[in-house]
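# Survey of secondary and tertiary structure
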Amino acid sequence: KPAIFAGEGNYIKRRIFTNQYLRTNQSIFNWNVRTNVAKIVKRKNGFGNFLSKISLVNSFRVNNRNSSDQDFSWLIPFEYELLDTNQIALDANLRNTLYFNRNSPIYDIQIGQFKNQRKQQLSSGFTIQQNEEYFIRTRWNLSQKLTWTPTVNYQVRGNENELFTFNNYKIKEWEFKNTLSYLQSSALRFNLKYDYSNGFNDSSLSTENAIKHNIAIQSTIKPKDNSSYHASFSFVNIAYDGQSNSN
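The shown structure was predicted, so the numbers you read here are calculated from the model rather than taken from an experiment. (Residues numbered from 1 in each chain as written. Predicted model: local features only at pLDDT ≥ 70, side-chain atom pairs only at ≥ 80, totals over all residues. Heavy atoms only, no water.)

## Examining the nonpolar core
- Core analysis: the largest hydrophobic core is formed by six residues, namely V62, L82, L90, A92, F126 and I128.
- Sorting the residues of this core by element identifies β3 (87–100) and β5 (125–141) as the ones contributing at least two each.
- Discounting chain neighbours no more than four positions away, the residues touching F126 are L83, K119, Q120, Q121, E160, N161 and E162. (Core = buried A, V, L, I, M, F, W, Y, C linked by side-chain atoms within 4.5 Å. Buried < 20%, exposed > 50% of the residue type's maximum accessible area, 1.4 Å probe, protein only. Helix = DSSP H or I, 4+ residues; strand = E, 2+ residues; numbered from the N terminus. Contact = heavy atoms within 4.5 Å.)

Structure, rendered in structure tokens:
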């Protein structure tokens, strides 16, 4: 009898071991670059002063396993096709962050991008997970004790399973975060946070929307160097228009 809700059915999983192995070719690429424009620009007046406040962090890592033996394309790790059956496994991460005025005691700005792709090719089918994120974050020291940190974030998360298609999703989400920090002393800090997010499942199986409001009050007390106490209170309101037992 089929289960009423997806993912709630019982099943028996049987593993059969054989002496047949699949040969794969593995290639790994790792790239990490930090750029401080202030050390490159010699003139610090006018436009040169503006450029000297910029710094960049770039990282790119790929771990690629491919079973193709027709050519030597597997030697180039960042050339891959997720839906290719020869693509046995993949773990790729790309991160770029631009900092402006990072060392300033008054304000700084961060603009960043992150992308992650993972794949596992099994005998029962493939599983692909993708995550892509873009954000803008600023820090404003309104006074010596008061700091405001707003953040805007856009994220796309996806999951595709060839066998268990009811677990497929593609969520597009906007997030707006605000944190107001009050530093009474080096031993006492208070944080007031408000987060708003609006997520939409844009998969072919369902169209669901969730709106979330989160208000939190946090405090940290450090009476001694080797001890600290944390307390928090949160109020969370979630409006979800999908089925309560959906995946």
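And the narrative resumes.
## What to know about the environment of E208
- Inspection of the secondary structure puts E208 in strand β9 (residues 208–224).
- Look at E208 and you get buried, because its relative accessible area is 13%.
- Linking E208 and I171, residues 37 residues apart in sequence, is a C-alpha distance of 8.9 Å.
- At 2.8 Å, the side chain of E208 forms a polar contact with the side chain of Y240. (Polar contact = N/O pair within 3.5 Å; in protein donor to acceptor, adjacent residues only side chain to side chain.)

## Points about unusual backbone geometry
- With a phi angle near 60 degrees, N101 is a residue other than glycine that sits in the positive phi range.
- Considering the arrangement of structural elements, one finds N101 in the loop between β3 and β4 (107–122).

## Description of a nonpolar patch on the surface
- A surface patch of nonpolar side chains, amounting to about 970 Å² of accessible area, comprises W140, L142, W148, L180, L192, Y194, I215, I217, F233 and F235.
- Along the polypeptide, F235 turns up in strand β10 (residues 227–240). (Patch = residues over 30% accessible without salt bridge, like charges linked within 9 Å, V, L, I, M, F, W, Y side chains within 5 Å. Areas by Shrake-Rupley, 256 points an atom, 1.4 Å probe, with all protein chains shown as cover. Salt bridge = Lys/Arg side-chain N within 4 Å of Asp/Glu carboxyl O.)

## A closer look at the pattern of salt bridges
- Overall, the coordinates contain four salt bridges when judged by the stated rule.
- With a closest N to O distance of 3.4 Å, K172 and D202 form a salt bridge. One end of the pair, K172, is in strand β7 (residues 169–185); the other, D202, is in the loop between β8 (188–201) and β9, and 30 residues separate them in sequence.
- We classify K172 as partly exposed; its relative accessible area is 29%.

## Some points on the side chain of E173
- One can find E173 in strand β7.
- A distance of 3.0 Å separates polar atoms of two side chains, one belonging to E173 and the other to R157.
- For E173, the contacting residues outside a window of four places in its chain are N153, Y154, Q155, R157, S197, N198 and G199.

## Focus: the pairing of β7
- Both strand β6 (residues 146–161) and β7 contribute to a ladder of 14 bridges, which runs antiparallel. In the sheet register, N159 faces β7, and the bridge partner there is Y169.
- Sheet topology places β7 next to β8; 14 bridges connect them, and they run antiparallel. Across the sheet, residue Y182 finds its bridge partner in β8, namely F190. (Pairing = 2+ DSSP bridges.)

## Here we look at the packing of aromatic side chains
- According to the stated counting rule, one finds seven aromatic pairs in the structure shown.
- Here W174 and F176 contribute two aromatic rings whose centre-to-centre distance is 6.3 Å and whose plane-to-plane angle is 10 degrees, an arrangement assigned as stacked.
- One aromatic cluster is present, formed by Y154, W174, F176 and Y196 through successive ring pairs.
- Across from the ring centre of Y99, 3.9 Å away, lies the NZ or CZ of R102, which sits over that ring. (Phe/Tyr/Trp six-rings, centres within 6.5 Å; stacked < 30°, edge-to-face > 60°. Lys NZ or Arg CZ within 6 Å of the ring centre and 35° of its normal.)

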